[in-house]
Amino acid sequence: GPAVRYFNRIPFKEKWTAAVAQFFSGMDVAENLKTTVGWMRKAKEAGADLIVTPENSNRDRQYFMDGKPCKKKAYEMSEALDGDYVMGCQATAKELGIWACIGVDIKGQPPDTAYIAQVLIRPDGEIEGVNKKHVLWDYEYTLFESGEEPFQVFDTELGRLGLFLCADGIVPEAARMLCLMGTQVFLNSLNSRGPDEMRMHIPLRSMENGVWHVASNCVGNPNTVGLLWPWTGGSQIVDPMGNRITASEEHDDMIVGEVRPFESELKKSSWTDDLIAQRRPELYGAMCKGLNDLPCATMYGPAPEVLPYPGPESVKVAMMQLSRVHTRECTEWMTTRQVAYAAKRGAKLGVLPQLWCFARGEVEKDPQAAADYSETVLKIMLDAAPKGNGLFVCFSLVERDGGKLYHTAYLIGPFGLVAKYRKAHLNSTERPWATPGAEFSQVHYVPELGRVAMMLGDEVWIPEVSRILALEGVEIIMHPTDWDRVEAAEMAATERASENKIHLVSVTRLDCPGKIGSQTTLAGEFIGDEPIPLMRFNAGVWCRYNVEEQVLVDLKRREPHCKMMGFHLDVLKKRFPHLYGVCVQPTGDLYTWRNTTKTRPGDYKDEHLPIRSSFSTKRKHDVYFPPQRPTANEGKTS
């Protein structure tokens with residue numbers, strides 16, 4: 001008979017109104033409570049069902065003794081859940097009948113344990129949950145402990161709410177795991193002085209996961225001495241496609257916007273019709289490996305004087321930006337001239353756009369003919385590779401093997417084929433003709449280049465791809481691409497280099513829909529004294545849009561061996577692989593609202609389940625341990 005399938009759902013509103021309050025909190029907690037309550041009242045007056053406030057809305061963090069950070073003082077000046085600040089917010093939420101996600105530094109175990117947290121308060125005034133920040137920003141490691149609890153999703157009448165804080169969004173895991181656990185709306189409390197949040201992290205975490213994002217940041221800076229960088233504001237409400245309502249970057253503000261939770265179930269994007277279905281969880285095992293069981297373990301921390309892998313100090317790379325023009329013969333001739341020119345200029349690596357030798361739509365129209373022509377072009381490229389100076393070239397073609405077609409990236413060198421990679425994640429236009437590759441690109445050690453790997457096109461939107469290549473110890477990722485929208489370069493490619501501290505060479509077609517040129521994003525090396533924006537927003541080198549050109553970039557091999565973003569945050573070592581199990585769950589087994597599945601409700605791991613909201617019960621909250629979770633059969637329907 002037909003398989004029995006289970007629905008795991010709680011009804012939620014078709015649409016509701018979110019408010020984001022943006023303000024600065026000083027040292028007077030009683031005054032800060034008045035400020036917070038004032039914004040809660042303004043939100044209710046504006047018709048909001050939920051309000052999000054910044055991280056540490058309770059007070060500014062002047063937790064120093066004798067000029068040095070002091071964890072004991074941080075504990076003493078943080079809040080208890082039954083203290084005046086939190087209870088004042090609870091009373092106001094109950095009075096107004098509004099959900100509130102409040103950023104609060106909370107006490108842990110005495111005498112010196114404190115956490116950066118969000119308290120999610122229901123309209124009945126009860127605490128629905130407490131979320132502790134996992135990834136801390138630089139100096140915060142000197143004052144607070146990381147929350148190492150499982151990620152939490154709260155099943156409510158507003159939809160499934162997933163909480164994270166500020167630096168949790170600087171790296172990809174928190175938002176991704178919450179997405180895979182069924183989050184429809186991210187609630188994010190920030191305390192950021194970096195423009196990278198509003199320019200990149202906040203909108204990108206929405207776009208790459210197809211999830212609403214309600215994000216509140218601090219703003220301004222009353223100091224006239226000492227650290228004068230302002231908190232950058234720019235709080236946002238972002239829909240799953242990346243459309244934004246943005247607050248001021250200069251002053252206190254409140255933005256209000258409509259949230260439609262079901263849109264997070266659609267998972268449509270500019271590059272595929274279902275970004276969750278595009279994933280390949282069977283390939284993501286490295287995400288869950290122990291920190292010291294990965295090749296990148298030799299790259300943690302600052303770059304050493306002597307790198308663990310021999311090679312040149314720098315690699316000169318040519319972004320060879322061109323694509324099909326006039327005739328096939330003309331395109332072939334122009335390509336071989338680009339290769340010869342790169343070699344003459346001293347480049348050691350050249351990268352061409354994906355499927356550069358085809359007119360747009362040509363492959364989809366006749367894939368078999370494209371495979372025939374690809375064999376010809378591959379021979380031309382192998383013959384064109386200069387034998388004298390050691391130039392390597394990366395590009396993509398249509399590969400035929402055993403009756404199947406693949407979108408394949410090639411790396412060729414002076415002595416022939418070095419490596420190839422069959423694209424593992426196919427987009428909507430590739431699926432009708434291509435077979436997905438069975439594995440990720442290998443990380444290849446090439447003496448002239450260092451440790452290199454390949455990815456293709458819209459895989460830049462999939463955080464697991466570049467993350468796993470970074471975990472495998474890559475230094476340079478070669479990325480033939482065809483930008484589908486401008487944010488693919490300005491946000492996704494920049495983020496991939498930033499969150500992994502790797503070099504990313506992205507070369508696009510002239511006629512790309514994103515209407516932006518090729519981009520090499522540099523890993524960067526933290527050396528101390530950088531302005532905050534330069535620590536977190538990686539530098540880039542660009543080609544002009546729709547212009548055939550060749551831009552050379554020197555990639556320093558030291559830079560990917562520094563994984564530090566500041567003095568204390570190592571973007572690869574400060575991970576929690578034991579919390580990432582949902583990343584490797586088969587797509588059909590995810591406990592998401594849209595899924596109907598053969599998996600019985602009691603078979604889901606508790607840590608992968610949303611917490612079921614109930615206004616008729618009070619749930620215990622212990623700040624030292626994860627909140628009480630439902631038993632195997634509680635809160636599930638079939």
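Note that this is a predicted model, so its numbers are computed, not measured. (Residues numbered from 1 in each chain as written. Predicted model: local features only at pLDDT ≥ 70, side-chain atom pairs only at ≥ 80, totals over all residues. Heavy atoms only, no water.)

So, about the layout of surface pockets. By volume, the largest pocket amounts to about 810 Å³. Phe64, Tyr139, Arg193, Leu227 and Ile532 are, among the 35 residues lining the largest pocket, the residues nearest its centre. A total of three residues in the lining of the largest pocket trace back to one element, the largest contributor, which is helix α12 (residues 532-536). A class-by-class count of the residues in the lining of the largest pocket yields 15 nonpolar, ten polar and ten charged. Taken as a whole, the second largest pocket encloses approximately 470 Å³ of empty space. Looking at the lining of the second largest pocket, the element that brings in the most residues is helix α8 (residues 362-365), giving three residues. Looking at the lining of the second largest pocket residue by residue, the class counts come to ten nonpolar, ten polar and nine charged. (1 Å grid on protein atoms, 1.4 Å probe; cavity = no way out; pocket = protein on both sides within 12 Å on 5 of 7 lines; lining within 4 Å. Points joined across faces, edges and corners; volume = space filled by probe spheres on them. Helix = DSSP H or I, 4+ residues; strand = E, 2+ residues; numbered from the N terminus. Nonpolar A, V, L, I, M, F, W, Y, C, P; charged D, E, K, R; others polar.)

Take Thr481: it is sitting in strand β25 (residues 476-481). Judged by its relative accessible area of 1%, Thr481 falls in the buried class. Beyond its immediate sequence surroundings of up to four residues, Thr481 is in contact with Pro353, Gln354, Gly457, Ser506, Val507, Thr508 and Arg509. (Buried < 20%, exposed > 50% of the residue type's maximum accessible area, 1.4 Å probe, protein only. Contact = heavy atoms within 4.5 Å.)

Another aspect to go through is the environment of Gly473. Within the fold, Gly473 resides in the loop between α10 (463-471) and β25. Measuring from C-alpha to C-alpha, the distance between Gly473 and Met299 comes to 7.4 Å, with 174 residues separating the pair along the chain. The contact partners of Gly473, leaving out residues within four places of it in the chain, are Pro295, Cys296, Met299, Val443 and Arg451.

In this section: the confidence of the model for the protein chain. Across the protein chain, pLDDT averages 91, with 92% of residues at or above 70. For residues 619-638, every residue scores under 50 in pLDDT, and the model assigns this stretch 56 contacts once sequence neighbours within four places are set aside. (pLDDT = per-residue confidence, 0-100.)

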